[in-house]
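# Topology and contacts: notes
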Amino acid sequence: MSPAFGRGVMTNHMIDLKNTNVALIMGSNMAENHPIGMKWLMKGRFDPKRQTKIIHVDPRFTRTSAVADLYCPIRSGTDIAFLGGMINYILENDLYHKEYLVNYTNASFLIKDEFSFEDGLFSGYDASKRAYDFGTWDYQYGPDGKILTDETLQHPRCVFQLLKKHFSRYDIDTVCKITGAPKNKYMQVLELFCSTGAPDKTGTICYAMGITQHTVGSQNVKAFAIIQLLLGNIGRPGGGINALRGENNVQGATDMALLFHIIPGYIDSPTNTEDNKDLISFIRKITPGAAKLPFSNLNEFRELVKAGIPYSGWRIHSSKWVVSLLKAWYGDAANAENDFAYHYLPKRDASKNYSHIALFEAMHKGEIEGLFVNGTNPVVGGPNANKEQEALTKLKWMVSMDLWLNETAEFWTYQGWERATNNPDVPKYTPKDIGTEVFFLPAAAVYEKEGTASQTGRWVQFRWKGADPVGESRSDLWIYNELGKRIKQLYAGSTRPEDEPIVNMTWDYDGHDEHEPDILKVANEMCGYNVADGTPVEGFAQLKDDGSTACGNWIYCGATTLKDGQFVYKPQLRQKEDPSGLGLFPNWGWAWPMNRRIVYNRCSVQPDGINPWPGDDDRRLVWWDEASGGWAGWDVPDFIKTVGPDNPAFKDPFIMRPEGKGCIFSTNGVLKDGPFPEHYEPWESPMPPILNKQPLNPVAKVWEPEKQGNTDKYPIIATTYRVTEHWQSGALTRNLPWLAELMPDMIVELSEELAKEKGIKNGHEVIVSTTRGDIKAIACVTKRFKPFNLGGKIVHQIGLLWHYGFKGYATGDIANRLTPHIGDANTMCPEYKAFLCDIRRA
Amino acid sequence: MKVTRRQFLKVTGATAASFAILDLGFDTQATAAAIKELRIKNVTPVPTICPYCASGCGLVVYAEHREGKETQLLSVQGDPDNPINEGCACPKGAAMFNLREIYDPHTGEQIINPKRVKKPLYRAPFSDKWVEKDWDWMLQTIAERVKETRDKSFIHTENGMIVNRTEKIASIGGSGLDNEECYLLSKLMRSLGVVYLETQARI
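Residues numbered from 1 in each chain as written. Chains lettered and ligands numbered in written order. Predicted model: local features only at pLDDT ≥ 70, side-chain atom pairs only at ≥ 80, totals over all residues.

### Comments concerning the overall build of chain B
When you go through chain B residue by residue, the secondary structure sums to 5 helices and 10 strands. Classification of the 203 residues of chain B by burial places 45% in the buried group. For chain B, contacts bridging at least 24 residues in sequence account for 37% of all contacts bridging at least 6. (Helix = DSSP H or I, 4+ residues; strand = E, 2+ residues; numbered from the N terminus. Buried ≥ 20, exposed ≤ 12 C-beta atoms within 10 Å, placed from the backbone. Contact = placed C-beta atoms within 7 Å.)

### Comments concerning the environment of A:Ala453
Within the secondary structure, A:Ala453 sits in strand β15 (residues 451-454). Each C-alpha atom, one on A:Ala453 and one on A:His97, is 37 Å from the other, the two residues being 356 residues apart in sequence. Apart from residues lying up to four places away in sequence, A:Ala453 is in contact with A:Asn248, A:Asn249, A:Gly252, A:Gln461, A:Arg463, B:Ile49, B:Asp178 and B:Asn179.

### Observations regarding the domain arrangement of chain A
Residue and element names in this part refer to chain A. Partitioning chain A into structural domains gives domain 1 (2-246), domain 2 (356-490), domain 3 (605-652) and domain 4 (705-841). Once you take the C-alpha centre of each, domain 2 and domain 4 turn out to be 24 Å apart. Contact residues are listed per partner, giving 26 residues for domain 2 and 25 residues for domain 4. Sorting the residues of the side of domain 2 that touches domain 4 by element identifies α16 (356-364), α17 (378-381) and α18 (385-392) as the ones contributing at least two each. Tallied by class, residues from the side of domain 2 that touches domain 4 come to 10 nonpolar, 11 polar and 5 charged. (Domains from an automatic or database assignment. Nonpolar A, V, L, I, M, F, W, Y, C, P; charged D, E, K, R; others polar.)

### Concerning unusual backbone geometry
Residue and element names in this part refer to chain A. Residue Trp592 is joined to Pro593 through a cis peptide bond whose omega torsion reads -5 degrees. Along the chain, the position of Pro593 falls in the loop between β21 (590-591) and β22 (622-625). With a phi angle near 50 degrees, Asp564 is a residue other than glycine that sits in the positive phi range. Residue position: Asp564 is located in the loop between β19 (560-563) and β20 (566-569).

### Examining the packing of helix α13 (residues 279-286) of chain A against helix α15 (residues 318-330) of chain A
Residues and elements named next belong to chain A. Two elements in contact, α13 and α15, have axes whose closest approach is 9 Å; the angle formed by their N-to-C orientations is 135 degrees. Between α13 and α15, the angle is such that the two are oblique. Crossing of α13 over α15 shows right-handed handedness. Counting all contacts with α13, which are made through Phe282, Ile283 and Ile286, the residues of α15 involved are Ser318, Ser319 and Val322. (Axes fitted to C-alpha atoms, helices over the stretch in contact; angles between N-to-C directions. Parallel < 35°, antiparallel > 145°, perpendicular 65-115°, else oblique. Left-handed = near helix turned anticlockwise from the far one by under 90°.)

### Notes on the interface of chain A and chain B
Facing 133 residues of chain A, the contacting portion of chain B comprises 105 residues. Top contributing element to the side of chain A that touches chain B by residue count: helix α19 (residues 476-491) of chain A, with 10 residues. Here the side of chain A that touches chain B is built from residues that sort into 72 nonpolar, 40 polar and 21 charged. Direction of pairing for strand β14 (residues 437-442) of chain A relative to strand β6 (residues 121-123) of chain B: antiparallel, over a ladder of 3 bridges. (Pairing = 2+ DSSP bridges.)

### Points about the environment of A:Lys201
Residues and elements named next belong to chain A. Looking at the element boundaries, Lys201 is found in the loop between α9 (183-194) and β8 (203-207). The class of Lys201 is buried, set by 23 C-beta atoms lying within 10 Å. For Lys201 and Tyr139, which are 62 residues apart along the polypeptide, the C-alpha to C-alpha distance reads 32 Å. In contact with Lys201, not counting residues within four places along its chain, are Asn21, Ser195 and Thr196.

### As for the sheet that holds strand β26 (residues 765-770) of chain A
Note on sheets: strands pair through backbone hydrogen bonds, and any given pair is parallel or antiparallel. All names here are of chain A. The sheet built from 6 strands closes into a barrel, its strands ordered β24-β30-β25-β27-β26-β31 with mixed pairing. Strand after strand, the sheet turns through a mean of 45 degrees between neighbouring axes, direction not considered. Taken together, the 4 bridges between β26 and strand β31 (residues 835-841) define a ladder with antiparallel strand orientation. Considered in β31, the bridge of Ile767 is made with Arg840.

### Remarks on the sheet that holds β15(A)
Residue and element names in this part refer to chain A. Pairing is antiparallel in the open sheet, where 3 strands are placed in the order β15-β16-β21. Looking at strand neighbours, the two that pair on one side only are β15 and β21, the edges of this open sheet. Across 2 bridges, strand β16 (residues 459-463) lies against β21 in antiparallel orientation. By the bridge assignment for β21, Val460 is matched with Trp590.

### A closer look at the nonpolar core
Among the nonpolar cores identified, the biggest contains 303 residues, and A:Ile55, A:Val159, A:Leu326, A:Ala718, A:Val748, A:Leu750 and A:Val768 are the most heavily contacted of them. Setting aside residues no more than four positions away along its own chain, A:Ile55 makes contact with A:Val22, A:Ala23, A:Leu24, A:Ile25, A:Ala68, A:Asp69, A:Leu70, A:Val189, A:Leu192 and A:Phe193. (Core = buried A, V, L, I, M, F, W, Y, C linked by C-beta atoms within 7 Å.)

### A look at the confidence of the model for chain B
All names here are of chain B. Looking at chain B, the pLDDT average stands at 86 and 80% of residues meet or exceed 70. Residue range residues 1-26 is modelled with pLDDT below 50. Its contacts to residues more than four positions away, or to other chains, number 19 contacts. In the predicted complex, the global pTM is 0.95; the interface-specific ipTM is 0.98. (pLDDT = per-residue confidence, 0-100.)

Shown next as structure tokens:
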């Protein structure tokens, strides 16, 4: 979503789902995995004003399908074909929201003449590097430096016409042949969802891991973005692209940049290249539009910012976020004379990838010595789990923090290496073979400590402590505070320059109680304070790049304030008024950024800034208030408050994008595998390419070519998924007797047709195998799976539960022992959802 | 800042109402009075947010804080004040009591979930068992391992540029932690020079 809108977040929020006319749920079994969110769609269904219709697209008929108005099957890994057909249908039948499209998106922008697409490849491809040169993926600029546009959308080089051409190949018959979707069902989906292109209607898309866990995961989401921009559904109540996140604070962990490629607040992490060598170079690199500007110090840069940098967007303020971050982390040691200690930050090798799969590949080669495991369980949840488990044997030391001894904490036991079959290709060890030193730190449970979590719609809510930690277990906050103190002690007095980041790191979080640090001290630093007096900075517009403000994460700035001299942490707010009736609840908790509940909400009014979309009076979120000369509304405007009709940026709702528009065409390689999505088959697929000549996403990195399974040995498609009684790798549910009892066994679902072919009956033990390993499971023969008819070719798909392992009250074989080490071309998110297998009776 | 008394009254009010409609088939008045007194004695309802999916549902923890003894749960249930779930809970949310306590299958007694680990544990290289250790030893030893690995693998400069990184230490996970915890983790790891830093968002 970030390449299209500027932020990679759920655009709306859970309660807002009640405001929609049509919901498309795709790549998610929402009724089972986000049941409370699903409740809001049900509210919409029974609201006479909305009469919400629900569409479910999934390889399997699930509990979500059961409550949907319309269900359409799809073969795993063919989402872009399905959605590309929808884009084509919208364009061929003029179902797009024209006023929205022309004003709020880059549909009218002209693209360089050199940009082209042929045989499944965009211009600039280098096969030897499996990478593109992005030079031609850019706009045309006039002599005044302005992007050339054609608001009639007729120019052959405008984004709209290029889009039309690109997706003209995605006709309904071709799409149905690739996806296995029955034509009549597919037609119904097209008709119903595209009805939301009418200005008085909104439609929402809800997705989860069924969309992202693919070699084309990012482009799957980009296809959603194109559809929602065409239909005018972004930035409006009941609209949006709603990523249903699967872990309670995965949003917060991402915000805090527990990812190699960013630092807190979604700023690219610095690399070891010349253009990152000092603070000024780094600011030049991360500030859009600054590349060629004449400045050599912060003073000169500030003058340019004051005058305005064209095509920079809100990221024009990046320098303030970086300097405030450095100030928060390194205190007095960060000052104007030393680049605010920018050199302390680690510079990653620009030529390397450090993401999950790469990390385990490096570990498997013995390149990593020590590992911290913070409440995660890759021996169950990691792709190619056999390999990831073997990688742990190569570590010198490992620190595991969890409530329980999960499979990763006990990877070295005899139990950890039991296998379903004797397969010489997969590793088998005993404890005496494994030299890894393991430290297990017992962690407190969620309600045995206090802190905040950012839910999927960016609402940050506080958790109060309801019980003491069990035994000697401690909160992770205490563990990290203590560890930080001890590491600092070991380095105390060091004068080596390489130790300065630790010696000078600010670390003062002790509280009154020796067992709990003062959480508000952490909150104040994270959300930002004035260096002079320690008072909260009230919002990120007040952050400075002169060292007078400190802020650990600029997007959380504004979550703290002083009221009557008392420090207020807004995630603790519990006031329930909802004056708009739209479910915004502005004083319940706090949402980043700046308590905006629906981002890009400028789009909820017409370009004039005042009028709601025709016939849609009650879904206007914000408006230009002539009397006060500023933006006002039910929601906090996701817009610069004073930008009025006289300002050229008045119709630029996507403030985090340099061009201010929603991007149908993604320029300059923000998506590495193409400005538009293109359907490529999964790495392991039963089908040859039909739409183009590429067997696989041409940019996806192939880590283990020798492990690619083919249809001769592995003719059946496999996918993985969750059930409502369990969660993720199961550590937090298989250790709970009530849940273990509800869902005690590892099952594999298969169709009646495949079961008959293989002589398998419901309840039989079966073996499922891929090139990565074999697992045992109990067969669940069901009508929920049906064989796909792919242009006359019959292909079977089976489904495996994700949650099982060898620890806890409910145990079973690990599904991820089957999944491959290959990931999305952009994010390296692993392909858990489509691979080839075989199945037989045990 | 704590939740106001008024809001908690609303929570407990809802609980009392659900008691009233129960038909137990015997003299409920005396029994209910006795049960009620026992159940609410020393109990404070405390709101939290569910640790499973990211919907952000609120739950209320009712726990009895007993003088000189370990806290004991009464229940964990949906928070009726939270606008996201309005008091509802899915099967996982409804089982959150078990995160800490269970009923012993043999005696029916309420006990701490035996799968919870109560002390830091250490597994020596090539050993086939855990050994209990104290926090002081564990934290100190881990800090020493970190320093040793960092110091011997640290890349201070590269091509004339300060790069301050180590590629020998990695950190994964954190999506189950609170924001403040993630923040400290991110700050500490980066100041150590860790670049192999990943969370569940990737997978």
